[in-house]
Amino acid sequence: MNILILGAGQLARMMSLAGAPLNLNVVAYDVGTENIVHPLTGEVYNTSLQQAVEDADAITAEFEHIADDVLTLCCQSGKFYPGKAAIKTGGDRALEKALLDKTHVQCAPYQLITEKSHLVDAVARLGKPLVIKTCQAGYDGKGQWRLKSDDDIAKVWSEMAEFIASGTADSPRSIIAEKMIPFDREVSIIGARDKHGNTVIYPLTENQHTNGVLTLSVAGKEKSAIQQQAESAFNKLAQELDYVGVLAIEFFDVQGTLLVNEIAPRVHNSGHWTQQGTHCSQFENHMRAVAGLPLGNTDLLRPTAMINVLGQAAIPSQVLATRDVTSHWYGKTAKPGRKMGHINVSANTLHSLGERLAELAETLPEQDYPGVAQTSTALI
Ligand code: ATP
Ligand code: MG
Ligand code: MG
């Protein structure tokens, strides 16, 4: 079976690696060069997007910021999963909030902004501090401003106005203001839904961000009440979107109540631990769902942590000397802060996972791998 993935980054690479044992042949569309490429080697195929769409048995995407004409072409084929509405919703915070409101899933209080008076209203209605985000662009915390006092309004507005003005009739730009949530921690839920509406859901993941970028995730800690809240949100949203594939939802945990931060209509960085922590990874389940195959087991095998490797030229080979550590390298050119790969580490208990993280902390410098030492202490 042939699968076409829109996007040719690390998520396409890992989906292709997971698809191979299922006899799924994956090609990727590089949205930058507009080439059809091999997802591992980058080899450029002498074929057009149109042809690749025709040749594919199923089409999916590794990210949500995709040009409208490409999305339309793929949707018209009738083979695109999770579908245009889901991708559009994941790529536009205004649509995302509308979906949350419609399905009665809780999120941070917010206000949409297209002119300066809306920003002033937002400060009056929601209070300070506010997190201001671009609706249609932004990832890894880019395209965000923090508004802490009334003095910030003019400066923040001038940057926002520039973003809004960069929109066109075809792709209008807007901004959203959210109340800054004093969360205890951040968690995410990842699950898959197949073409018949069956769902499988992984155990909740606890996530740590550093400067807006995910740096460390741990799975295997959750109590059932909080897992149930997350699963309920997942089921409502996946059903409303008539979703097919893997869907990720990020939450703020505020004293045991989950508020949705954002949704991602795709495999997600906070689900990379599933490669070692479960029988069937998020990548395999996404491929299974879009290919029309039965979904795989999402039960936790062992508590597992994932550590992102940011900006480094290689994964330090000595970490592989730590028991049950695996390396996942993306084959990209190194740039400061860029996601280059990740390390997964598993153990039979949370306590022994803490011990393994302590071992890793001895070789991984704190400034490059924040939170490893601290998480190990919390688990031991
Ligand atoms: P991603 O790479 O996950 O797609 P993104 O650029 O879409 O990131 P968000 O997830 O919206 O950005 O925000 C990045 C981080 O900023 C969050 O994980 C959280 O730590 C913080 N943050 C965002 N919104 C709020 C909020 N309303 N209150 C408090 N913190 C927030
Ligand atoms: Mg995002
Ligand atoms: Mg996020």
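Residues numbered from 1 in each chain as written. Chains lettered and ligands numbered in written order. Predicted model: local features only at pLDDT ≥ 70, side-chain atom pairs only at ≥ 80, totals over all residues.

### Here we look at the overall build of the chain
Counted only if it meets this: In this description a helix means any DSSP run of H or I spanning at least four residues, a strand means any run of E spanning at least two, and both kinds are numbered starting from the N terminus. Using C-alpha atoms as the atom set, the radius of gyration is obtained and then compared with a globule rule of 2.2 Å times the number of residues to the power 0.38. Counts of 20 or more other C-beta atoms within 10 Å of a residue's own C-beta define buried residues, counts of 12 or fewer define exposed ones, and intermediate counts define partly exposed ones; C-beta atoms are placed from the backbone.
For the chain, the helix and strand inventory stands at twelve helices and 18 strands. A compact globule built from 380 residues should have a C-alpha radius of gyration of about 21 Å, and the chain, at 21 Å, falls within 12% of that. Overall, the C-alpha framework of the chain stretches about 55 × 55 × 40 Å when taken along its three principal axes. Taken over 380 residues, the chain has a buried fraction of 44%.

### So, the domain arrangement of the chain
The condition that has to hold: In this entry, domain limits derive from an automatic or database-based domain assignment.
In terms of domain boundaries, the chain breaks down into domain 1 (2–80), domain 2 (109–179) and domain 3 (185–379). In this structure, domain 1 and domain 2 have C-alpha centres spaced 33 Å apart.

### Quick notes on the site of ligand 1
Note the following rule: Each residue gets a C-beta atom placed from its backbone. Should that atom fall within 6 Å of a molecule or strand, the residue is termed near it. Polar here means any residue outside two lists: the nonpolar Ala, Val, Leu, Ile, Met, Phe, Trp, Tyr, Cys and Pro, and the charged Asp, Glu, Lys and Arg; Gly therefore counts as polar.
Around ligand 1 sit 17 residues, and of these V131, Y139, D140, E178 and I181 come closest. When contributions to the shell around ligand 1 are tallied by element, the ones reaching two or more residues are strand 7 (130–134) and strand 15 (257–264). In terms of residue class, the shell around ligand 1 is built from five nonpolar, five polar and seven charged.

### Digging into the nonpolar core
The following threshold applies: When buried Ala, Val, Leu, Ile, Met, Phe, Trp, Tyr and Cys residues are joined through C-beta atoms within 7 Å, the set is termed a nonpolar core. Any two residues are considered in contact once their C-beta atoms, placed from the backbone, lie within 7 Å.
Counting 80 residues, the largest nonpolar core has I3, I5, M15, L237 and I249 as its most contacted members. Residues contacting I5, with those up to four places away along its chain left out, are A12, M15, V26, A28, Y29, P39, T60, A61 and E62. With 22 residues, the next largest nonpolar core counts V309, V319, V345 and L364 among its residues.

### What to know about the packing of helix 11 (residues 350–363) against helix 12 (residues 372–379)
Rules: A fitted line through C-alpha atoms represents every axis, and for helices the fit uses only the stretch in contact; the resulting angles, taken between N-to-C directions, go from 0 to 180 degrees. An angle below 35 degrees is treated as roughly parallel, one above 145 as roughly antiparallel, one from 65 to 115 as roughly perpendicular, and anything else as oblique. Here is the rule for handedness: rotate from the far helix to the near one, and if that takes an anticlockwise turn smaller than a right angle the crossing is left-handed, while a clockwise turn gives right-handed.
Close contact between helix 11 and helix 12 brings their axes to 8 Å; oriented N to C, the two are set at 150 degrees. Judged on the interaxial angle alone, helix 12 and helix 11 are roughly antiparallel. As helix 11 runs across helix 12, the sense of the crossing is left-handed. Packed against helix 11, whose contacting residues are L350, H351, L353, G354, L357, A358, L360 and A361, the element helix 12 presents V372, A373, T375, S376 and L379 at the interface. Along the lines of polarity and charge, the residues of the contact of helix 11 with helix 12 split into nine nonpolar, four polar and no charged.

### Considerations on helix 5 (residues 93–102)
Heads up, the condition is: The reported arc concerns the directions from the helix axis to the C-beta atoms and nothing else.
Within helix 5, burial applies to R93, E96, K97, L99 and L100. One side of helix 5 carries all its buried residues, which in axial view fall inside an arc of 155 degrees. For helix 5, the exposed residues lying more than 90 degrees away from the buried face are D101 and K102. Looking at the packing, one finds that the buried side of helix 5 touches helix 4 (84–90), strand 6 (110–113), strand 7, strand 9 (175–179), helix 8 (224–240) and strand 15.

### Some points on the sheet that holds strand 7
Quick note on the threshold: Strand pairing is defined by DSSP finding a minimum of two bridges between the two strands.
One open sheet holds the four strands; their spatial order is 6-9-7-8, and the pairing between them is antiparallel. Where the open sheet ends on each side, the last strands, each with one partner, are strand 6 and strand 8 (144–147). Going across the sheet, the axis of each strand differs from the next one's by a mean of 20 degrees, ignoring polarity. Bridge count between strand 7 and strand 8: four bridges; the pairing is antiparallel. Paired with L130 across the strands is L147, a residue of strand 8.

### Considerations on the sheet that holds strand 5 (residues 58–61)
If you trace the five strands from one edge of the open sheet to the other, you get 4-3-2-1-5, paired in mixed fashion. What marks the edges here is a single partner per strand, and that holds for strand 4 (44–45) and strand 5. Across the face of the sheet, helix 1 (residues 10–19) comes into contact with strand 1 (2–6) and strand 2 (25–30) while running at roughly 170 degrees to strand 2.

### Here we look at the confidence of the model for the chain
Basically, it comes down to this: As a per-residue quantity, pLDDT reports the predictor's confidence and falls between 0 and 100.
Scored by pLDDT, the chain has a mean of 95; 100% of the residues are at 70 or more. Interface confidence for the predicted complex, given as ipTM, is 0.98, next to a pTM of 0.97.

### What about the environment of K142?
With respect to the secondary-structure elements, K142 resides in the loop between strand 7 and strand 8. In this structure, the C-alpha to C-alpha distance between K142 and L258, residues 116 residues apart in sequence, is 23 Å.

### Focus on helix 1
Counting buried residues in helix 1 gives nine out of ten residues, a clear majority hidden from the surface. Within the sequence span of helix 1, burial applies to Q10, L11, A12, R13, M14, M15, S16, A18 and G19. Contacts made by the buried residues of helix 1 are with strand 1, strand 2, helix 10 (282–291) and strand 18 (339–346).

### Looking at the pairing of strand 13 (residues 213–219)
Buried residues dominate strand 13, accounting for six of its seven residues. In terms of strand pairing, strand 12 (residues 205–210) meets strand 13 through six bridges, oriented antiparallel. What sits directly across from H209, in strand 13, is L214. The antiparallel pairing of strand 12 with strand 13 creates a hairpin that spans two residues between the two strands, and N211 there sits at a positive phi of about 50 degrees.

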